[in-house]
Amino acid sequence: MNIVSTLSATMEDFRLNLGGTELKPLVIGGMGVNISTKALALEAARLGGIGHVSDAMLPDVTDRLFSTHFTALKAKFFRHLAGLGFKLGMNFDTIDIARHTRRYVEDVMSAKTGPGLVFINVMEKLTMNDPLKTLKARLNAALDAGIDGISLSAGLHTSSFAMMEENPRFRDAKLGIVVSSARALNIFLRRTAKTNRLPDFVVVEGPLAGGHLGFGMNWSEFSLPSIVDEVLAFLKSANLSIPVIAGGGVFSGTDGVRLLERGAAGVQVATRFTVSKESGLPDPVKQVYFNAEAEDVVVNGISPTGYPMRMLRQSPAICSNAKPQCEAYGYLLDKGDCQYLRAYREQVAADPSVKAPCIAEKTCLCHQMRNFKLWTCGATTHRLKETSVKLPDGTWWTPPAEAIFNDYMTGRNDEVMHPTLEDAMASK
Ligand SMILES: Cc1cc2nc3c(=O)[nH]c(=O)nc-3n(C[C@H](O)[C@H](O)[C@H](O)COP(=O)(O)O)c2cc1C
């Protein structure tokens with residue numbers, strides 16, 4: 001296509017075909033912890049695209065939604081292991097994990113309407129002090145509860161398919177993986193070959209995405225279009241026909257069209273929906289996202305997962321002195337330890353007189369994400385203000401997800417929606 005036709009095309013001119021299901025080529029990516037809410041995912045499905053809920057810290061999320069007491073009971077049960085020592089034996093009960101996952105997913109799926117799909121985003125890096133057992137419980141419970149599909153992220157997921165092999169829905173649910181290189185995809189395909197099942201989709205996430213990045217601190221040397229080309233070439237050379245969904249930095253419908261014309265089957269987006277009405281971020285935090293400038297968006301290494309993460313530099317989670325709270329949470333424990341717990345322990349050992357040391361190099365991701373104090377975001381966050389308007393009280397209007405979804409689908413000429421105050425007041 002030439003430049004003129006690219007600019008005049010819209011994402012409505014394309015369709016995403018996932019194993020015979022025809023969808024709008026727009027996926028709202030998973031955003032933990034409960035930023036991509038049930039309401040947001042359901043809107044994407046109602047409008048004919050794909051929405052995601054996230055399984056990050058689901059037992060704690062269900063506590064808040066359904067007034068259950070998983071987190072409080074866990075904290076009480078492991079009270080004797082409080083302190084900065086290793087947390088060996090501080091394990092999650094897999095029956096509980098499955099129960100909470102089923103309850104949450106059943107609640108979401110029972111409310112689903114429209115022609116689209118709802119997927120759950122499952123991150124391998126949530127090691128939960130017993131990576132294999134807990135991941136198996138999470139994946140199978142989501143399938144049992146009727147989720148349409150699963151996107152496997154934050155890891156290579158070399159055994160995730162095998163963990164679901166016995167599940168009656170293993171071959172009918174849509175299963176895919178998020179990768180940032182053809183190499184990672186190749187490893188995944190080779191390791192899962194024995195299950196005799198290909199992924200139904202591959203999300204290729206570039207370096208401008210929100211959340212954790214699948215790159216080192218040299219992330220800026222990579223570009224989404226080149227990785228998409230690389231993955232498409234790899235699939236072609238392997239004679240595989242798997243839809244590729246490209247994400248990271250797609251801000252307008254025309255950005256999406258460029259990737260679709262390159263051969264992507266769909267695009268995955270998230271940042272623009274962080275400030276939607278349906279997003280789980282508290283309203284004051286949405287205002288911080290709107291007000292962010294380009295220099296506020298940083299990539300750093302404070303996540304104890306070891307992956308670089310993009311966030312607003314104003315995030316209270318940066319250089320926080322929160323005590324490690326593994327008894328209540330512990331979603332990142334592995335062999336009884338976590339990088340934050342270790343950093344905190346070392347800091348206290350270095351100077352025992354400091355009661356609440358500020359840990360600059362790491363953060364307690366569980367506590368901070370759970371409390372919306374780590375403001376992770378994509379590289380385009382500073383542009384969100386272009387898509388909104390200030391209300392008479394001086395705050396930014398938070399658009400409904402439907403308006404953002406339709407703006408992606410119908411936007412052309414590199415333009416994004418510019419709502420007027422009347423539009424905003426009419427939809428309030
Ligand atoms: C606030 C936020 C939280 C995110 N959390 C997750 C997550 O929990 N798991 C994941 O795989 N990706 C996560 N992502 C990545 C998105 O799912 C998506 O692929 C990516 O951000 C798309 O790029 P964009 O934000 O530039 O549109 C997150 C992104 C944002 C903005």
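Look above for the structure.
Residues numbered from 1 in each chain as written. Predicted model: local features only at pLDDT ≥ 70, side-chain atom pairs only at ≥ 80, totals over all residues.

**Comments concerning the overall build of the protein chain**
Argument step 1. When helices and strands are tallied, the protein chain shows 15 helices and 13 strands.
Argument step 2. On C-alpha atoms alone, the protein chain measures out to a radius of gyration of 21 Å, which is about the 22 Å that the 2.2 N^0.38 rule sets for 428 residues.
Argument step 3. Referenced to the eigenvectors of the C-alpha coordinate spread, the extents of the protein chain come out at roughly 65 × 55 × 45 Å.
Argument step 4. Counting only contacts in the protein chain whose residues sit at least 6 apart along the sequence, the fraction spanning at least 24 positions is 75%. (Helix = DSSP H or I, 4+ residues; strand = E, 2+ residues; numbered from the N terminus. Rg over C-alpha atoms; globule rule 2.2 N^0.38 Å. Contact = placed C-beta atoms within 7 Å.)

**Overview of helix α5 (residues 94-110)**
Argument step 1. Given a rise of 1.5 Å per residue, 17 residues ought to cover 24 Å, and the 24 Å separating the end C-alpha atoms of α5 matches this to within 8%.
Argument step 2. Residues of α5 that are buried: I97, A98, H100, T101, Y104, V105, V108 and M109. Along α5, the residues classed as buried sweep out an arc of 170 degrees about the axis, all on the same side. Relative to its buried face, α5 has exposed residues pointing more than 90 degrees away, namely I95 and S110. (Expected span 1.5 Å × (residues − 1). Buried ≥ 20, exposed ≤ 12 C-beta atoms within 10 Å, placed from the backbone. Arc of directions from axis to C-beta.)

**Regarding unusual backbone geometry**
Argument step 1. Here the bond from G32 into V33 is cis, since omega is -5 degrees, no more than 30 degrees from zero.
Argument step 2. Take V33: it is sitting in the loop between β3 (26-28) and α2 (38-46).
Argument step 3. The backbone of N34 sits at a positive phi, close to 55 degrees, despite the residue not being glycine.
Argument step 4. In this structure, N34 sits in the loop between β3 and α2.

**What to know about the site of the ligand**
Argument step 1. Taken together, 30 residues lie around the ligand, and G29, S153, G210, G211 and G378 are the ones closest in.
Argument step 2. Those elements giving two or more residues to the shell around the ligand turn out to be β5 (117-123) and β11 (266-269). (Near = placed C-beta within 6 Å.)

**Here we look at the sheet that holds strand β13 (residues 309-312)**
Argument step 1. With respect to topology, 3 strands assemble into an open sheet ordered β9-β13-β12, the strand pairing being antiparallel. Because the sheet does not close on itself, it has two edges, and the strands there are β9 (211-212) and β12 (297-300).
Argument step 2. Note: β9 against β13, 2 bridges, orientation antiparallel. Bridge pairing in β13 places H212 opposite M309. (Pairing = 2+ DSSP bridges.)

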